[in-house]
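Listed here are the chains, written in short residue letters.
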Amino acid sequence: MIDLQDIRYVRVGTADLDSAIAFGTDILGLQLVGREGKSAYFRSDKVEVRGDTRDHTLVYTEGDPADHRIGFELKDPSKIDAVASALDDAGFPVRAGTPEECVSRRVRDLVMATDPSGNNIEIVGRPYHSGVRYYPGRDAGVTEFSHIGMFSTDANRDEAFWTGVFNARVSDWVGEAPFFRINTVHHSLVLFPSNRSGIQHINHQVEDLDDVMKSYYFLKQQGVRIVWGPGRHPVSTAIMVYFEGPDGVTYEYSVGVKHILPEQEATYRPRQFPPEKFSLCMWGSEPGFGVEASDAETTEPVAHAV
């Protein structure tokens, strides 16, 4: 089994890099730490939250907006070769990152593969850290990059992949959507049933409820489409607001996410929530995520939420 430490970064293709940079700084409130060629790098983590600062957590890359890549940090970087063998043995071909790709990811080692749905996943060893404080683009109260939602063409199959090949554990289900933890956070990864792959949403944690509400009003004033919330998730207890970003990617601010501590692991049992409104938000807020016509026959309403 491959032991992951944490989700490390997301790389998102964009048709307009300049507009994406403006969104990352002026709307999301992240710090632009570099623009190199066709890529722009952003940071979001405060040193007091994690005890260190990741070199970057979000990259916008000029190109195909459907090009989404998710980086996960390996717990023991000396086992990077074993990762490649484990994925190959499980039937998922891998390739080692080139020196140029390692430089672009700010890592020493890189293994690239796809999950059963075709999502691009990257396992990294010895990722770079920065000794510089996080300086936000605007004061959105962002404390850290926390989790992502990914589309899955078969949630049950992909659940077996993440829990069998990797050390992900199911925290809860809403309908057919599994919520996975890698460390103590209730979920670092969520799979949403669909007929395609890609990133469904990107989450950043903020300091408190006031930050969620201030951003809600700020986003509305800036003409950013609110797609869900404010509300509160029963599965994780987090208070949230979701909004639309460049190239159709949805972003979330939330606060108060549940943690499952090491001493609780032995007795914790995942819960099954039905695919209904109050499983998504205990306040009754309903998601406004668009359902594609091609998804309509295969996707429950819950697939575009949480």
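See the structure printed just above.
Please read all numbers here as calculations on a predicted model, not as lab measurements.

Here is what the cut-offs are and how they apply
- Residues numbered from 1 in each chain as written.
- Predicted model: local features only at pLDDT ≥ 70, side-chain atom pairs only at ≥ 80, totals over all residues.
- Heavy atoms only, no water.
- Helix = DSSP H or I, 4+ residues; strand = E, 2+ residues; numbered from the N terminus.
- Buried < 20%, exposed > 50% of the residue type's maximum accessible area, 1.4 Å probe, protein only.
- Contact = heavy atoms within 4.5 Å.
- Areas by Shrake-Rupley, 256 points an atom, 1.4 Å probe, with all protein chains shown as cover.
- Lys, Arg positive; Asp, Glu negative; His and termini not counted.
- Charge placed at Lys NZ, Arg CZ, Asp CG, Glu CD.
- Pairing = 2+ DSSP bridges.
- Axes fitted to C-alpha atoms, helices over the stretch in contact; angles between N-to-C directions.
- Core = buried A, V, L, I, M, F, W, Y, C linked by side-chain atoms within 4.5 Å.
- Phe/Tyr/Trp six-rings, centres within 6.5 Å; stacked < 30°, edge-to-face > 60°.
- Lys NZ or Arg CZ within 6 Å of the ring centre and 35° of its normal.
- Arc of directions from axis to C-beta.
- Salt bridge = Lys/Arg side-chain N within 4 Å of Asp/Glu carboxyl O.

A. Spatial organisation of the overall build of the chain. Check the secondary structure of the chain and you find seven helices and 17 strands. If one aligns the C-alpha atoms of the chain with their principal axes, the spans along those axes are about 45 × 45 × 40 Å. Within the span of the chain, comprising 306 residues, buried residues form 56% of the whole. Taking contacts inside the chain between residues at least 6 apart in sequence as the whole, the part at least 24 apart equals 67%. For the chain, the accessible area works out to roughly 12,500 Å², and carbon and sulfur atoms hold 49% of it. Averaging the positions of the 30 positive and the 45 negative side-chain charges in the chain gives two centres separated by 4 Å.

B. Layout of the sheet that holds strand S14 (residues 226-232). Strand order in this open sheet of nine strands is S14-S15-S16-S13-S9-S12-S11-S10-S17, and the pairing throughout is mixed. The open sheet is flanked by S14 and strand S17 (271-273), the only strands paired with a single partner. Between one strand axis and the next, the sheet turns through 20 degrees on average, direction left out of account. The pairing of strand S9 (residues 142-152) with strand S13 (residues 199-206) spans seven bridges and is classified as antiparallel. Paired with Gly149 across the bridge in S13 is His201. Here helix H5 (residues 155-164) sits on the sheet in contact with S9, strand S10 (169-174), strand S11 (177-181) and strand S12 (189-193), set at roughly 160 degrees to S12.

C. How the structure looks around the sheet that holds strand S3 (residues 39-43). Sheet architecture is open: eight strands sit in the order S2-S3-S4-S1-S5-S8-S7-S6, paired in mixed fashion. Of all strands in the sheet, those bounded by a partner on one side alone are strand S2 (31-36) and strand S6 (95-96). Of the strands in this sheet, strand S1 (4-14), S2, S3 and strand S4 (58-62) touch helix H1 (residues 17-27), which is tilted by about 5 degrees from S3.

D. The nonpolar core, seen in detail. Tyr60, Leu87, Trp162, Phe166 and Ile202 are the most contacted members of the largest nonpolar core, which has 57 residues in total. With five residues, the top contributor of residues to this core is H1. Ala177, Phe179, Met240 and Leu280 belong to the second largest nonpolar core, which has 14 residues in total.

E. Fine view of the packing of aromatic side chains. Within the structure shown, the criterion is met by 12 aromatic pairs. Where Phe161 meets Phe166, the ring centres are 5.5 Å apart and the plane angle is 75 degrees; that geometry is what we call edge-to-face. Phe166 shares its class with Phe161; the two are buried. Above the face of the Tyr41 ring, Arg106 is positioned so that its terminal group lies 4.0 Å from the ring centre.

F. Spotlight on the pairing of S9. Of all the 11 residues making up S9, 11 are buried; the element is thus mostly covered by neighbouring parts of the structure. By the bridge criterion, five bridges tie S9 to S12 in an arrangement that is parallel. Counted as the bridge partner of Phe151 is Phe192 from S12.

G. How the structure looks around the environment of Gln5. One can find Gln5 in strand S1. What makes Gln5 partly exposed here is its relative accessible area of 35%. With 177 residues separating them along the chain, Gln5 and Ile182 place their C-alpha atoms 6.7 Å apart. When sequence neighbours within four positions are dropped, the list of residues in contact with Gln5 reads Glu73, Leu74, Lys75, Ile182 and Asn183.

H. Up close: helix H3 (residues 80-89). Taken as a whole, H3 has its buried residues at Ile80, Val83, Ala84 and Leu87. The buried residues of H3 occupy an angular sector of 95 degrees when projected down its axis, which confines them to one face. Across H3 from its buried face, at more than 90 degrees, point the exposed residues Asp81 and Asp89. Residues of H3 that are buried make contact with strand S5 (68-74), strand S7 (107-114), strand S8 (120-127) and H5. Looking at the residues trailing H3, positive phi occurs at Gly91, about 95 degrees.

I. Representation of the pattern of salt bridges in the model. Counted under the stated rule, the structure contains 16 salt bridges. Among the salt bridges present, the one from Arg106 reaches Glu36, with a minimum N-O distance of 2.7 Å. Taken together, the positions of Arg106 in the loop between helix H4 (99-105) and S7 and Glu36 in strand S2 put the pair 70 residues apart, joining distant regions of the chain. You can call Arg106 buried: its relative accessible area is 13%. When the shortest N-O distance is used, the salt bridge between Asp211 and Lys214 registers 3.8 Å. Within this pair, Asp211 and its partner Lys214 are both found in helix H6 (residues 209-221), separated by three residues, close to a single helical turn. Residue class for Asp211 comes out buried when judged on its relative accessible area of 6%. For Lys214, a relative accessible area of 52% puts it in the exposed group.

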